[in-house]
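Coordinate inspection notes
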Amino acid sequence: MNIEDLAIFFGRFHPILVHLPIGFLIMAFLMWSFQKWKKSHAFDQAIAFCLMMGTISAALACVAGYLLSTSGGYEGALLSQHMWGGIITTLVAGLVYVVFSSNLSSRWSSAIASTLMMVMMVGLSFTGHIGGSLTHGSDFLTEYAPIFGSRANQLPPPASMEEVVLYGHVIQPILQEKCISCHRSDKLKGGLSLENPESIRKGGESGPLFLTSAEETSELIRRIHLPESNEEVMPPKGKSQLTEAEIDLLEAWIMAGVDFEKPLQSYGNDTIQNLAGSYLGLVKNGSGGNESIGALAAIDSLTLVQLRESGLVIRELLADSYRYDVSIPQTVLANQDLGNILGKLELIKDNIIWLNVSDLGLDNAQLADLTPMNNLEKLRLEKNKLTDKSISLLAKFPKLQVVNLYGNDLTDACLSDFQQLQKLEKVYVWQTKITAKQAGKVELVS
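The rules behind the values
- Residues numbered from 1 in each chain as written.
- Predicted model: local features only at pLDDT ≥ 70, side-chain atom pairs only at ≥ 80, totals over all residues.
- Heavy atoms only, no water.
- Helix = DSSP H or I, 4+ residues; strand = E, 2+ residues; numbered from the N terminus.
- Buried < 20%, exposed > 50% of the residue type's maximum accessible area, 1.4 Å probe, protein only.
- Contact = heavy atoms within 4.5 Å.
- Areas by Shrake-Rupley, 256 points an atom, 1.4 Å probe, with all protein chains shown as cover.
- pLDDT = per-residue confidence, 0-100.
- Salt bridge = Lys/Arg side-chain N within 4 Å of Asp/Glu carboxyl O.
- Pairing = 2+ DSSP bridges.
- Axes fitted to C-alpha atoms, helices over the stretch in contact; angles between N-to-C directions.
- Phe/Tyr/Trp six-rings, centres within 6.5 Å; stacked < 30°, edge-to-face > 60°.
- Lys NZ or Arg CZ within 6 Å of the ring centre and 35° of its normal.
- Polar contact = N/O pair within 3.5 Å; in protein donor to acceptor, adjacent residues only side chain to side chain.
- Arc of directions from axis to C-beta.
- Parallel < 35°, antiparallel > 145°, perpendicular 65-115°, else oblique.
- Left-handed = near helix turned anticlockwise from the far one by under 90°.
- Core = buried A, V, L, I, M, F, W, Y, C linked by side-chain atoms within 4.5 Å.

1. Here's the deal with the overall build of the protein
- Scanning the protein from terminus to terminus reveals 15 helices and ten strands.
- Taking all 446 residues of the protein together, 46% fall into the buried category.
- Residue pairs in contact within the protein that sit at least 24 positions apart in sequence constitute 58% of those at least 6 positions apart.
- Accessible surface, the protein: about 22,100 Å² in total, of which carbon and sulfur atoms supply 58%.

Shown next, in the form of structure tokens:
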């Protein structure tokens, strides 16, 4: 273990140690206040003991806090205020201890002794507040305050689907609830702030969140899909994790173009509208007694169990909608033929809304054998063995809106085939030989 890691290890005891001086010094203050009221010195020894323990624990907390600060991710001004506030409070507490332990309080003027105690409490309160701001955000106390609180500046809750702005009503609250505590202007973990559109576009130390058009290169999508045990996962282990619905919403928003002003109704995407409507409580699902918007024919639970046991990853996009996000991981190819796995999709073909068959070595012939899917909206085909001739095969997916084709052997010769796909809106063509930016109404993003 190197010195830097050892420093951070001991530094992480700061949140534990910092509560000790708070308790001791507040207890000393309360006993002192009681003595002043009763005009007694009965608690002088107890006050001195609490001041001694408060001073020692405050000094230890200062050292641990400094070591923790070396890990980075804290805004300079607040960190400096917290550090010097802690040091000054510790010194004042030590001075007050000298007063009581040396029985100087009887000889010093009452005004001086009172001033020292009050300065200590002001320093303790100030340092604690700044520490809370570093941990929870500078607006932690005022966030929910009426009129001037940050929550008061958010969009009012929508009364109907027509009023919903996807970012303002859905994405921003998710980021506020699950991400802002670590990624804001006064605590830039990884150099990243998610407080506003400008900061989100800027990205952090790892680069832009939306570095390229290919979905898997989106840093945000990559990190929210990591297991909780991974050091790079967002949110980190121990923090409140994103739900599957929140992950789906973030992913859908990114894949739809990362727009901060666009009304939900303008997306023309049933899946995004259903997910957002369910999140906001504007779309009732089957558990509420009403049929979900866009609900499809039910799939037998045994069928889903069998498909999952065969290696397919299946997630329901909206509760009781029977609309599924299906992925085929590379690991299934260790003991199964790709053609056989693709054939199993026939069992739920009309219920697949999103399909991920990336990096499986899929070629034109296998894509041709893939069963038609009448409700497929998003298709990931990146890093396969597809050529220009494969594009015409996508016509078997009449509702296809987004397709990811990066890393395939495609050229501008296939542009006319894109234009034949009536619902297609966006194609990711990073690391292909396609140079055009548009094919009719279809956006080609590279």
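2. Notes on the confidence of the model for the protein
- With 86% of its residues at a pLDDT of at least 70, the protein reaches an overall mean of 83.
- Element-level mean pLDDT values for the protein span from 72 in strand 2 (residues 187-188) up to 94 in helix 15 (residues 415-419).
- Within the model, the stretch residues 212-216 combines pLDDT values under 50 with 20 contacts to residues more than four positions away or in other chains.
- The model gives residues 285-293 a pLDDT under 50, and that stretch makes 16 contacts with residues more than four places away or in other chains.

3. Here's the deal with the environment of Ile 341
- On the secondary structure map, Ile 341 appears in helix 13 (residues 338-344).
- For Ile 341, a relative accessible area of 0% corresponds to the buried category.
- Residues Ile 341 and Leu 312, 29 residues apart in the sequence, show an inter-C-alpha distance of 8.3 Å.

4. As for the pattern of salt bridges
- By the definition in use, this model includes ten salt bridges.
- A salt bridge links Arg 315 to Asp 248; the shortest N-O distance between them is 2.9 Å. With Arg 315 in strand 3 (residues 313-316) and Asp 248 in helix 10 (residues 244-255), the pair connects residues that are 67 residues apart, well separated along the chain.
- For Arg 380, the salt bridge is made with Glu 382, and the minimal N-O distance between the two is 2.5 Å.
- Residue class for Arg 380 comes out buried when judged on its relative accessible area of 13%.
- Overall, the relative accessible area of 0% leaves Glu 382 in the buried class.

5. A word on the sheet that holds strand 5 (residues 352-356)
- Within the open sheet, the eight strands sit side by side as 3-4-5-6-7-8-10-9. Their pairing is mixed. Each edge of the sheet is formed by a strand with only one pairing partner; in this case those strands are strand 3 and strand 9 (438-439).
- Where strand 3 and strand 4 (residues 324-327) come together, four bridges link them in antiparallel fashion. Among the inter-strand pairings, Arg 315 is bridged to a residue of strand 4, identified as Asp 325.
- Those strands touched by helix 10 are strand 3, strand 5, strand 6 (378-380), strand 7 (402-404) and strand 8 (426-428), and its axis lies near 95° from that of strand 3.

6. With respect to the packing of aromatic side chains
- Summed over the entire model, instances satisfying the criterion amount to nine aromatic pairs.
- Ring pairs connect the aromatic residues Phe 9, Phe 10 and Phe 13, which therefore count as one cluster.
- One cation-aromatic arrangement involves Lys 38 over Trp 37; the distance from NZ or CZ to the ring centre is 4.3 Å.
- Looking at Lys 378, its charged tip hangs above the ring of Trp 354, at a distance of 3.7 Å from the centre.

7. Examining the side chain of His 183
- Secondary-structure assignment places His 183 in strand 1 (residues 183-184).
- Since its relative accessible area comes to 10%, His 183 is described here as buried.
- A distance of 3.3 Å separates the side chain of His 183 from the backbone oxygen of Leu 192, its partner in a polar contact.
- Leave out the neighbours within four places in its chain, and His 183 touches Lys 189, Leu 192, Ser 193, Leu 194, Glu 195 and Met 234.

8. Considerations on helix 12 (residues 301-309)
- Every buried residue of helix 12 is listed here: Thr 303, Leu 304 and Leu 307. All buried residues of helix 12 fall inside an arc of 100° around its axis, so they share one side. Facing away from the buried side of helix 12 by more than 90 degrees, the exposed set consists of Ser 301, Leu 302 and Glu 309.
- Contacts made by the buried residues of helix 12 are with strand 3, strand 4 and helix 13.
- You can read the cap of helix 12 off the contacts: a side-chain oxygen lies 3.1 Å from the backbone nitrogen of Leu 302, and it is on Asp 300.
- The positive-phi residue at the C-terminal boundary of helix 12 is Gly 311, with phi of around 115°.

9. Concerning the packing of helix 10 against helix 11 (residues 270-280)
- Between helix 10 and helix 11, the least distance of the axes is 10 Å, while the angle of their chain directions is 135°. As the angle between them shows, helix 10 and helix 11 are arranged oblique. For the element pair helix 10 and helix 11, the recorded crossing hand is left-handed. In this structure, helix 10 contributes Glu 246, Asp 248, Leu 249 and Ala 252 to the contact, and helix 11 contributes Ile 272, Leu 275, Ala 276 and Tyr 279.

10. A short note on the side chain of Ser 114
- Mapped onto the secondary structure, Ser 114 falls in helix 6 (residues 110-136).
- Sequence-distant contacts of Ser 114, that is, excluding residues within four places in its chain, are made with Trp 32 and Lys 36.

11. What to know about the nonpolar core
- In terms of nonpolar packing, the biggest core is built from 45 residues, with Leu 345, Leu 355, Leu 379, Phe 418 and Leu 444 touching the most fellow members.
- Looking at this core, the elements that each hand over two or more residues are helix 12, strand 4, helix 13, strand 5, helix 15 and strand 10 (442-445).
- If one sorts the elements of this core by residue count, helix 13 sits on top with three residues.
- In contact with Leu 345, not counting residues within four places along its chain, are Leu 312, Val 326, Ile 328, Ile 352, Leu 355, Leu 370, Thr 371 and Met 373.
- With 35 residues, the next largest nonpolar core counts Cys 179, Leu 250, Ala 252 and Ala 276 among its residues.

12. Some details on unusual backbone geometry
- A positive phi angle, near 55°, is found at Lys 39, a position not held by glycine.
- Tracing the chain through its elements places Lys 39 in the loop between helix 3 (19-38) and helix 4 (44-69).
- For Lys 39, a relative accessible area of 78% gives the class exposed.

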